[in-house]
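Commentary on secondary and tertiary structure
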Amino acid sequence: MIETNRPAAAPAEDEPDLLRDQFKQLLRYRKLIGAGVGIGLLGGVYLGISTADTYVATADVVLRAPTDDPFNPSLAPDKAINIGSERQVALSSSIAEAAKKSLKIADQDFASLRSGLQVTNPPQTMVLRFTYTASSPKEAARRANAMTQAYLLKRQEALDATRDKMVKGYKEQRDPVAKQLDELSKEISRMPAGTVRDAATSSKTDLQSEVGGYNGKITKLEALDMTPGRVTSAATAPTAPDGPGILMSLALGAAVGLALGLLAAWVRLVFDPAPRSEGDVSRALRAPVLGSLPRDKTGGGPLLAAGEADPRLAEEYRSVAFRLAYDSRFADRRRLLVVAPRGSSETAAAVAVNLAASFAETGKDVLLIEADLRTPVLASQLPTDAGGRPRWSQMPGGPSAGGHGESDWPDGRQLVVDAGESGAFDLIPGEQVRNVPRALTSPRATRLISEADSPNSTVVVLAPPVLSYADALALVDRVDGVLVVCDPRAVHRTDLSRIRELISGAGGTVLGAVLHTPLPTEKRGRGKGKGAPAPATAPPAPAKSAPQPLTREPAEPEQHIPGDGTDTVALRTVRTGRR
């Protein structure tokens, strides 16, 4: 009794693995990353050149609030001064106008004078930092100091004007009261003693108290220390340019450019509909990737990989076959449907043929059915030999029983394919018919597929692309194990998800996927436009009464012409055709 392993499942979506996989996919967009680094380097060159002759001078000013006792800790400077407003004043045009006069700068240079100044406030301080940028170190220091002095002067003038205005207001309120007090004093001196004199004396006392209050306020204002602030650090001429230098600019530009390139590559990856890794294919199909065919540089590659100089392709097919053989979902019924998503079925045909050869190598009785009845070509491209008719073709219900509107395929023609050291397997070649769906769902096709029910038998069915025609879906209920052959760069994730949904809805199961790279012929065809030659079409189906011709490559000198059932064609001479 042969035991089989449990079905191979799609890999778990481990977050570190997904991140590593996504980072590897980012490296596929080398052009975007390179463009980002190039733009960053250009920006670094511009920054290094533009800041090569830029000098910055800085002066610090500590602001003070007017006070009559500078040592009184109860008065908080941050309560009396709005540092944000003072910063805006320092940047105002009035300060720049005053500095222009002291620097004797022309009116046309006034805008450039203002643009070079920057005023900041270090956190938790009452300091204004005047930073001036100029093309000359001495000019930068001179203008920074001029701006500082102009600001302090304007602030001093504003504080003095405020104090003088308040003093004037108090004097205007005091003078009428003082005049009234003088007049009342003269009247009291002329009054006789008595009640009236006592009332006038009481009013005189009130007026004296009011005049004293005004005089106290005026005296307090005149005694205030109106110093606006002091310069704690005067600007000096800088000894070196402010720029980071050409080397630092290039390094900074390269780092920023690399970040931009990675960001652009990530955005491109997010919006790229094509799966860029085996993990994407596996997640879309919810089935494992059973193999990845090596890149072929021979212009199409052999249809049968056995006997080639490079054994990697044949070994990859054997690996896929063994993984399928140890999958209980396939081992229980031994039926396999090989399909491509859309476009060409050339690689799918090669996979079907080589899997049949690999199963035959393990001692299985393999039957390969070419269910692609629209462009059948396997009979003309494989080393075939006329074999016996299948058992069902001799039954009363076979094709010779008379037509009742059924299709002529399958007609009982069976060929034997020599796979070299792998052995041989049977081939039911496809044939162009008038009604493809009826032929695929006919009782004869069903009996042909049921050959897998025999002990030690395996049936491999090749169908047209599943998203181009519904032929594959018509076979899923009888060949429930499906193998998807696709080029990850030429198919969308939504296409793979749709294939899985269609196959599951038809009662089948996606056993896995086989990935391959674009064929060299496909790459050349993309760039030729309208002038590219059309792919070769399958030969028309011959009449029933005529013998079936076999189209092959020219035989080698030491070989006989095949067809008599006694010899075969060397596998390395067989090449794929366009499907």
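Above this text is the structure in question.
Note that the coordinates shown come from a computational prediction; the quantities given were computed from them, not determined experimentally. (Residues numbered from 1 in each chain as written. Predicted model: local features only at pLDDT ≥ 70, side-chain atom pairs only at ≥ 80, totals over all residues. Heavy atoms only, no water.)

1. Looking at the pattern of salt bridges
Using the criterion set out here, one finds 17 salt bridges in the structure. For Asp-164, the salt bridge is made with Arg-163, and the minimal N-O distance between the two is 4.0 Å. Ionic pairing is found between Arg-329 and Asp-327, a salt bridge with its closest N-O pair at 3.0 Å. What emerges from the salt-bridge pattern is a single network uniting Glu-97, Lys-100 and Asp-107. (Salt bridge = Lys/Arg side-chain N within 4 Å of Asp/Glu carboxyl O.)

2. What about the packing of aromatic side chains?
Enumeration over the complete set of coordinates arrives at 2 aromatic pairs. Seen in terms of ring centroids, Phe-330 and Phe-359 are 5.4 Å apart; in terms of plane orientation they differ by 20 degrees. Their pairing is stacked. Taken together, the residues span a long stretch of sequence, with Phe-330 in helix α12 (residues 328-331) and Phe-359 in helix α13 (residues 346-361) at a distance of 29 residues. Across this residue pair, the class does not change: Phe-330 and Phe-359 are buried. (Phe/Tyr/Trp six-rings, centres within 6.5 Å; stacked < 30°, edge-to-face > 60°. Helix = DSSP H or I, 4+ residues; strand = E, 2+ residues; numbered from the N terminus. Buried < 20%, exposed > 50% of the residue type's maximum accessible area, 1.4 Å probe, protein only.)

3. As for a nonpolar patch on the surface
A surface patch of nonpolar side chains, about 820 Å² in accessible area, is lined by Leu-47, Leu-252, Val-256, Leu-260, Leu-263, Trp-266, Val-267, Val-270 and Phe-271. Tracing the backbone shows Val-270 in helix α9 (residues 246-270). (Patch = residues over 30% accessible without salt bridge, like charges linked within 9 Å, V, L, I, M, F, W, Y side chains within 5 Å. Areas by Shrake-Rupley, 256 points an atom, 1.4 Å probe, with all protein chains shown as cover.)

4. A look at the packing of helix α10 (residues 278-285) against helix α18 (residues 493-505)
Contact geometry for α10 and α18: axes closest at 8 Å, N-to-C directions at 35 degrees. Two packed elements cross with a definite hand, and for α10 against α18 that hand is right-handed. Seen from α10, the contacting residues are Asp-280, Val-281, Ala-284 and Leu-285; seen from α18, they are Arg-493, Leu-496, Ser-497 and Arg-500. (Axes fitted to C-alpha atoms, helices over the stretch in contact; angles between N-to-C directions. Left-handed = near helix turned anticlockwise from the far one by under 90°. Contact = heavy atoms within 4.5 Å.)

5. Focus: the pairing of strand β10 (residues 424-428)
In this structure, strand β7 (residues 365-370) lies alongside β10, joined through 3 bridges in parallel fashion. In the sheet register, Ile-369 faces β10, and the bridge partner there is Ile-428. Two strands pair when backbone bridges link them, and strand β9 (residues 415-418) and β10 are joined in this way by 4 bridges, in the antiparallel orientation. Within the sheet, the bridge partner assigned to Val-416 lies in β10 and is Asp-426. Here β9 folds back onto β10 in antiparallel fashion, the turn holding 5 residues, of which Gly-420 has a positive phi close to 65 degrees. (Pairing = 2+ DSSP bridges.)

6. Structural notes on unusual backbone geometry
In terms of backbone geometry, most residues other than glycine have negative phi values and most peptide bonds are trans. The residue Gln-124 is not glycine, and still its phi comes out positive at about 60 degrees. Looking at where Gln-124 falls in the secondary structure, it is placed in the loop between β2 (117-120) and β3 (127-134). Residue Gln-124 is classed as exposed on the basis of its relative accessible area of 84%. Not every positive phi belongs to a glycine, and Arg-286 is a case in point at roughly 55 degrees. Residue Arg-286 is classed as exposed on the basis of its relative accessible area of 61%.

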